[in-house]
Amino acid sequence: MTDYGNFPGSRPRRLRTTPVMRRMVAETRLAPANLILPAFVREGIDAPVAISAMPGVQQHTLDTLRKAAVEAVAAGVSGIMLFGVPLDGKKDARGTAGTDPEGILQAGLRAVREEVGDDLVVMSDLCLDEYTDHGHCGVLTEDGRIDNDATLERYAEMAQVQADAGAHMVGPSGMMDGQVGVIRDALDQTGHEDVSILAYTVKYSSAFYGPFREAVGSSLQGDRKTYQQDPANVRESMRELALDLAEGADMVMVKPAGPYLDVLARVADAVDVPVAAYQISGEYAMIEAAAEKGWIDRDAAILESLTGIRRAGAQMILTYWATEVARKLGH
């Protein structure tokens, strides 16, 4: 036989012989504690509304949101990220429903905190896009551009009302320059020093957001390419990372997850703060659709996709399968 170095003395397959052997030597472990459940709460409905592009996901009432939070706790999920869906008639150019103390997101935050207390890390999406009639993540100038600094003033207001409503952590997702620092100052100046910030540090302008637009009833006109990142770039992501850390981010996120595992790995290697990744609506929808067609093994594909995100360096994964997967993994 041809000499292949240490062959046959070295046979990597010896460590793949049984399920228990494979589990014992696994380099990456996925646990319920790694998972965060994104959830939508919608104003003006008395029963959950299914999201057609995301089978199994729904827009919640306050009551069903409470139930989803309890189920997440029971499964061992670590956190819940809330998105508000206001009545269309309450949307305006400045997204004022987003800073209304009685707005739907604030009501959802209070409901979840009342139901589960500190048993979940209760997180809130801090962005204007769900509340503006133009669907953008910020305030527009007269000629239709995003006014970065005027938007930061609105984000400061949002941070305060979300913290007042019970958020343990806010997630600024609008990709405005300076957002983390402004939000940190706003929280600190209003007695919310303990409320943490999960910075959407790397958020690409992605085709995979499509189903999410239905989930939040988006009114978007145009696109978000002037503030979300170009999928072609990675050095830009590292610059964003440095800025967010300097401004006081407690955790950082890469979004989407699957198409950007290389970026996730770069970020995870570069920081000493926790790193999250968001497995977004399009990633979810593709697996569900292919499984419905019988083209892939649904459960195996879900677990493989999440393990890949974890392997790339994410300590936390936001996924719509969080509770389902956590149940299967067990505490």
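See the structure above.
## Observations regarding the nonpolar core
Right, so step 1: In this structure, Ile80, Tyr155 and Val267 are the most contacted members of the largest nonpolar core, which totals 94 residues.
Right, so step 2: The contact partners of Ile80, leaving out residues within four places of it in the chain, are Ile36, Leu37, Ala39, Leu65, Ala69, Val112, Leu120, Val121, Val122 and Met123.

## Notes on the pattern of salt bridges
Right, so step 1: Summed over all chains, the structure comprises 16 salt bridges.
Right, so step 2: When the shortest N-O distance is used, the salt bridge between Glu114 and Arg66 registers 2.7 Å. Of this pair, Glu114 sits in helix α3 (residues 104–116) while Arg66 is found in helix α2 (residues 62–75), placing the two residues 48 residues apart along the sequence.
Right, so step 3: By relative accessible area, which is 23% here, Arg66 ends up partly exposed.
Right, so step 4: Lys91 serves as the salt-bridge partner of Asp88, at 3.6 Å between the closest nitrogen and oxygen.
Right, so step 5: Classification of Lys91 as buried rests on a relative accessible area of 10%.

## Here's the deal with the side chain of Arg154
Right, so step 1: With respect to the helices and strands, the residue Arg154 is situated in helix α4 (residues 148–164).
Right, so step 2: Take Arg154: its relative accessible area is 3%, and that puts it in the buried class.
Right, so step 3: In this structure the side chain of Arg154 is engaged in a polar contact, spanning 3.2 Å, whose partner is the side chain of Thr99.
Right, so step 4: Setting aside its immediate chain neighbours within four residues, Arg154 contacts Arg94, Gly95, Thr96, Thr99, Leu128 and Val139.

## Observations concerning helix α8 (residues 261–270)
Note that an α-helix has 3.6 residues per turn; residues three or four places apart therefore point the same way.
Right, so step 1: Looking at α8, one finds that the buried residues are Val263, Leu264 and Val267. When α8 is viewed along its axis, its buried side chains cluster within an angular range of 100 degrees and face the same direction. Seen from the buried face of α8, the exposed residues on the opposite side, beyond 90 degrees, are Asp262 and Asp269.
Right, so step 2: In this fold, the buried residues of α8 make contact with β7 (196–203), α7 (235–247), β8 (251–255), β9 (275–278) and α10 (298–311).

## Describing unusual backbone geometry
Right, so step 1: In this structure, the amide linkage connecting Lys255 to the following residue, Pro256, adopts the cis form with an omega of -5 degrees.
Right, so step 2: With respect to the helices, strands and loops of the structure, Pro256 is situated in the loop between β8 and α8.
Right, so step 3: For Met175, which is not a glycine, the phi torsion comes out positive at approximately 60 degrees.
Right, so step 4: Note that Met175 resides in the loop between β6 (169–172) and α5 (179–189).

## Here's the deal with the packing of α10 against helix α11 (residues 322–329)
Right, so step 1: At a minimum axis distance of 12 Å, the contact between α10 and α11 shows a crossing angle of 95 degrees. In terms of orientation, α10 lies roughly perpendicular with respect to α11. Listed contacts from α11 to Arg298, Asp299, Ile302, Leu303 and Leu306 of α10 are Glu324, Val325, Lys328 and Leu329.
Right, so step 2: Tallied by class, the residues present in the contact of α10 with α11 amount to five nonpolar, no polar and four charged.

## Some details on α10
Right, so step 1: Helix length check: α10 (14 residues) gives 20 Å between terminal C-alpha atoms against 20 Å at 1.5 Å per residue, within 8%.
Right, so step 2: The complete set of buried residues in α10 reads Ala301, Ile302, Leu306, Gly308 and Ile309. Angularly, the buried residues of α10 cover 155 degrees about the axis, an arc narrow enough to put them on a single face. With respect to the buried face of α10, the exposed residues turned more than 90 degrees away are Glu304 and Arg311.
Right, so step 3: Buried residues along α10 sit in contact with α8, β9, α9 (281–292), β10 (316–318) and α11.
Right, so step 4: By the N-cap criterion, in which a side-chain oxygen at the helix start approaches the backbone nitrogen of a residue two or three places on, α10 is capped by Asp297, the distance to Asp299 being 3.3 Å.

## Observations regarding a nonpolar patch on the surface
Right, so step 1: Residues Leu15, Met24 and Val25 make up a contiguous nonpolar surface patch of roughly 280 Å² in combined accessible area.
Right, so step 2: Within the secondary structure layout, Leu15 lies in the segment before α1 (19–25).

## Quick notes on a positive patch on the surface
Right, so step 1: A surface patch of positive charge is lined by Arg11, Arg13, Arg14 and Arg16.
Right, so step 2: Structurally, Arg13 is set in the segment before α1.

## With respect to the packing of aromatic side chains
Right, so step 1: Applying the stated criterion across every chain yields a total of six aromatic pairs.
Right, so step 2: On the basis of an interplanar angle of 15 degrees and a centroid distance of 6.0 Å, the ring pair of Phe40 and Tyr320 is categorised as stacked. Of this pair, Phe40 sits in strand β1 (residues 35–42) while Tyr320 sits in the loop between β10 and α11, placing them 280 residues apart in sequence. A single burial state applies to Phe40 and to Tyr320, both of which are buried.
Right, so step 3: Ring geometry for Tyr278 and Tyr320: centres 6.1 Å apart, planes at 50 degrees, overall tilted. In this pair, Tyr278 sits in strand β9 while Tyr320 sits in the loop between β10 and α11, placing the two residues 42 residues apart along the sequence.
Right, so step 4: With a relative accessible area of 9%, Tyr320 lands in the buried category.
Right, so step 5: The structure contains a cluster of three or more aromatic residues connected by ring pairs, namely Phe40, Phe83, Tyr278, Tyr284, Tyr320 and Trp321.
Right, so step 6: In this structure, Lys203 packs its charged tip against the face of Tyr209, placed 5.9 Å from the ring centre.

Rules behind the numbers
- Residues numbered from 1 in each chain as written.
- Predicted model: local features only at pLDDT ≥ 70, side-chain atom pairs only at ≥ 80, totals over all residues.
- Heavy atoms only, no water.
- Core = buried A, V, L, I, M, F, W, Y, C linked by side-chain atoms within 4.5 Å.
- Buried < 20%, exposed > 50% of the residue type's maximum accessible area, 1.4 Å probe, protein only.
- Contact = heavy atoms within 4.5 Å.
- Salt bridge = Lys/Arg side-chain N within 4 Å of Asp/Glu carboxyl O.
- Helix = DSSP H or I, 4+ residues; strand = E, 2+ residues; numbered from the N terminus.
- Polar contact = N/O pair within 3.5 Å; in protein donor to acceptor, adjacent residues only side chain to side chain.
- Arc of directions from axis to C-beta.
- Axes fitted to C-alpha atoms, helices over the stretch in contact; angles between N-to-C directions.
- Parallel < 35°, antiparallel > 145°, perpendicular 65-115°, else oblique.
- Nonpolar A, V, L, I, M, F, W, Y, C, P; charged D, E, K, R; others polar.
- Expected span 1.5 Å × (residues − 1).
- Patch = residues over 30% accessible without salt bridge, like charges linked within 9 Å, V, L, I, M, F, W, Y side chains within 5 Å.
- Areas by Shrake-Rupley, 256 points an atom, 1.4 Å probe, with all protein chains shown as cover.
- Lys, Arg positive; Asp, Glu negative; His and termini not counted.
- Charge placed at Lys NZ, Arg CZ, Asp CG, Glu CD.
- Phe/Tyr/Trp six-rings, centres within 6.5 Å; stacked < 30°, edge-to-face > 60°.
- Lys NZ or Arg CZ within 6 Å of the ring centre and 35° of its normal.

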